[in-house]
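Examination of the molecular architecture
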Amino acid sequence: MNLIVVSNRVARGKPNEPMTGGLAAALLPVVEHSGAIWVGSSGRVRDGHQKEPFAEIEALGTGAIATLDLPAAHYGGYYEGFANSALWPALHSRSDLIRVSREDYVSYREVNAFMARALMRFRKPQTAFWVQDYHFLALGAELRELGVNDPIGFFLHTPWPVTAVMQGVPNHRELITAMLAYDLLGFQTEEDRQNLLSYVGAELGLTIEDGVVVSQHGRTRCEVFPIGIDAEKFAAYAAKSAAHPDVSRLRRSLNGERLAIGVDRLDYSKGLVNRISAFDRLWTEQPQFTRSISLLQIANPSRGGIEAYGNLQNEVARLVTDVNGRHGEVDWTPIRYLNKGFSQAVLAGLYRTAQVGVVTPLHDGMNLVAKEYVAAQNPADPGVLVLSKFAGAANELDAALLVNPHDIDGMARAIAVASSMPLTERKMRWDAMMKKLRGHTIQQWSADFVAELEKCRTEKAAVAPLAAQPPQALRWLKSAISGVRLI
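Since the structure is predicted, the reported quantities are computational estimates derived from the model, not experimental observations.

About the thresholds
Residues numbered from 1 in each chain as written. Predicted model: local features only at pLDDT ≥ 70, side-chain atom pairs only at ≥ 80, totals over all residues. Heavy atoms only, no water. Helix = DSSP H or I, 4+ residues; strand = E, 2+ residues; numbered from the N terminus. Buried < 20%, exposed > 50% of the residue type's maximum accessible area, 1.4 Å probe, protein only. Contact = heavy atoms within 4.5 Å. Salt bridge = Lys/Arg side-chain N within 4 Å of Asp/Glu carboxyl O. Axes fitted to C-alpha atoms, helices over the stretch in contact; angles between N-to-C directions. Parallel < 35°, antiparallel > 145°, perpendicular 65-115°, else oblique. Left-handed = near helix turned anticlockwise from the far one by under 90°. Core = buried A, V, L, I, M, F, W, Y, C linked by side-chain atoms within 4.5 Å. Phe/Tyr/Trp six-rings, centres within 6.5 Å; stacked < 30°, edge-to-face > 60°. Lys NZ or Arg CZ within 6 Å of the ring centre and 35° of its normal. Polar contact = N/O pair within 3.5 Å; in protein donor to acceptor, adjacent residues only side chain to side chain. Pairing = 2+ DSSP bridges. Right-handed = clockwise from strand over helix to strand, strands pointing away. Nonpolar A, V, L, I, M, F, W, Y, C, P; charged D, E, K, R; others polar.

1. Quick look at the overall build of the protein
- A count of helices and strands for the protein gives 17 helices and 17 strands.
- Taking the principal axes of its C-alpha atoms as reference, the protein extends roughly 70 × 45 × 45 Å.
- Evaluated residue by residue, the protein yields a buried proportion of 58% over its 487 residues.
- For the protein, restricting intrachain contacts to residue pairs at least 6 apart in sequence, the fraction spanning at least 24 positions comes to 79%.

2. Examining the pattern of salt bridges
- For the coordinates displayed, the defined rule picks out 28 salt bridges.
- For Asp364, the salt bridge goes to Lys270, with nearest N and O atoms at 2.9 Å. With Asp364 in the loop between β14 (356–359) and α13 (368–376) and Lys270 in the loop between β11 (258–265) and α10 (272–285), this pair connects stretches of sequence that are 94 residues apart.
- Take Asp364: its relative accessible area is 10%, and that puts it in the buried class.

3. A closer look at the packing of α10 against helix α14 (residues 408–420)
- At a closest axis distance of 8 Å, the pairing of α10 and α14 adopts a crossing angle of 65 degrees. In terms of axis orientation, α10 runs roughly perpendicular to α14. Remark: the crossing between α10 and α14 carries right-handed chirality. Within the contact between the two elements, α10 uses Asn274, Arg275, Ser277, Ala278, Phe279, Arg281 and Leu282 and α14 uses Ile408, Asp409, Met411, Ala412, Ile415 and Ala416.

4. Topic: the nonpolar core
- Membership of the largest hydrophobic core comes to 101 residues, with the highest contact counts inside it found for Leu87 and Leu139.
- With nine residues, helix α2 (residues 72–91) is the largest single contributor of residues to this core.
- Setting aside anything within four residues of it in sequence, one finds Leu139 in contact with Val6, Asn112, Met115, Ala116, Leu119, Val131 and Tyr182.
- With 69 residues, the next largest nonpolar core counts Ile261, Leu296, Met366 and Trp445 among its residues.

5. Observations regarding the packing of aromatic side chains
- For the structure shown, the criterion picks out 20 aromatic pairs.
- Between the aromatic rings of Trp130 and Phe449, the centroid separation amounts to 4.5 Å while the plane-to-plane angle is 10 degrees, which identifies the pairing as stacked. Of this pair, Trp130 sits in strand β5 (residues 127–132) while Phe449 sits in helix α16 (residues 442–459); the two residues are 319 residues apart in sequence, bridging distant segments of the chain. Summarising the burial analysis for this pair, Trp130 and Phe449 share the class buried.
- Its guanidinium or amino end placed over the ring of Trp88, Arg303 lies 4.3 Å from that ring's centre, counting from NZ or CZ.

6. Describing the side chain of Thr353
- Locating Thr353 in the fold gives a position in helix α12 (residues 344–353).
- A polar contact of 2.8 Å, which involves the side chain of Thr353, links it to the backbone oxygen of Gly349.
- The contact partners of Thr353, leaving out residues within four places of it in the chain, are Val247, Leu250, Arg251, Leu254 and Leu259.

7. Some points on the side chain of Arg193
- The topology assignment puts Arg193 in helix α7 (residues 190–203).
- Apart from the residues within four sequence positions on either side, Arg193 is in contact with Phe187, Gly211, Cys222, Glu223 and Val224.

8. As for the pairing of strand β15 (residues 384–388)
- Here β15 lies mainly inside the structure; five of its five residues are buried.
- What you see with β15 is no split at all: Val384, Val386 and Ser388 on one side and Leu385 and Leu387 on the other are buried throughout.
- One ladder, built from four bridges, connects β14 with β15; its direction is parallel. From the neighbouring strand, Gly357 faces β15, where its bridge partner is Leu385.
- As a crossover connection, the stretch from β14 through α13 into β15 is right-handed.
- As paired strands, β15 and strand β16 (residues 401–403) are joined by three bridges and run parallel to one another. Across the sheet, residue Ser388 finds its bridge partner in β16, namely Val403.

9. Considering the packing of helix α6 (residues 172–179) against α7
- Where α6 meets α7, the closest approach of the two axes is 12 Å, and the angle between their N-to-C directions is 115 degrees. Between α6 and α7 lies a crossing whose hand is left-handed. When α6 is examined against α7, the residues His172, Arg173 and Ile176 are found in contact with a partner set consisting of Leu196, Tyr199 and Glu203.
- The residue makeup of the contact of α6 with α7, split by class, is three nonpolar, one polar and two charged.

This is the structure in structure tokens:
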């Protein structure tokens, strides 16, 4: 089976360059080792009247990356508009932040249609499509409109909200009806799957049989595939990172104090304001922790053109300044606040340096930072993970200190417990979590999804004979696509 993976963004897999997000980090090993073609945005836009190369293609392990210039007339409405000002807040149960126009929805559908047409140039006999995340809810329907009868799967990296929240999204019925053109819908948690099935039953009145939705498109299977990481690879990064300048400087600067670390995109779903408030409460109510533990908060800005994100960036910066001003001393800074990204190799070393990992989103599909923090720890002296019970990772990492991110006092108490936990208990909790990570890897996640997608092929009546596989993914791309600049 020839696999085409589709997402809004792609990554190059260079360990010394910052990652753009959890999705990109997760898909890299899938493409590198499976021979898949990963198609996504180049980050550039183009005028539809200009004659520009259709795509840029480069090898990635046994697979390849193809990046496309998206249409300039619709990119803003698609990305900053409907995807991130309607779908993202709704999927994270923040319908109060929905700001969208009819034109934004039109642009969202136009870009989904554009991507579908682009993918036809990559298609060959016995192809399967694996579409990623909320940017392309309608892509499966657009491919069906073009006559594609191959298996098409979709995986949602975010949560899926309750029906009442989803009803707040303009054009929700049309959009989710289109979403049912996929053969397979994958979710992070059983709660997410059940929320989608509840919507389909209550709002669309469709028949559901053992998690299979029957619609005008046929049968759509809904299943749970919790995403993992390559725990052993991340542990190896951490073990080798001590000599990296950023890591060694951080260690020297601590002067024996304990360190907590948070690593997030600067997003309202991550609970940064509540997290910083919890540390403020800790130092206020339990002053013995002053100079005893500090916070390194890495918060990489994103989506700066959206008002809610600009407001959040200002709010977090003001709060950090206020907390540091009240609790800091001439030779001690309570919160080190960095607005930049780091590579996975460096992050692994920073995680290993910190005795407490603080992952407290208000709502998250999975949160791979939680898993990375655990994998990076020194087995002989592991740190403690403080984890929001509203992150998908809490379903697996139940040996972490689970907290309610809306309970400031409760988080402050958990941070205090984590920073004082004896070695025996720390090792016990870490061992339990590592067992889960080793049993649910990124490789297993992708293999499970693709295996289920392959089953869809056997359920379809008309299937072309399997064509001979080329030795390399790039070979057929070079011959099949005209007007392409290969790099």
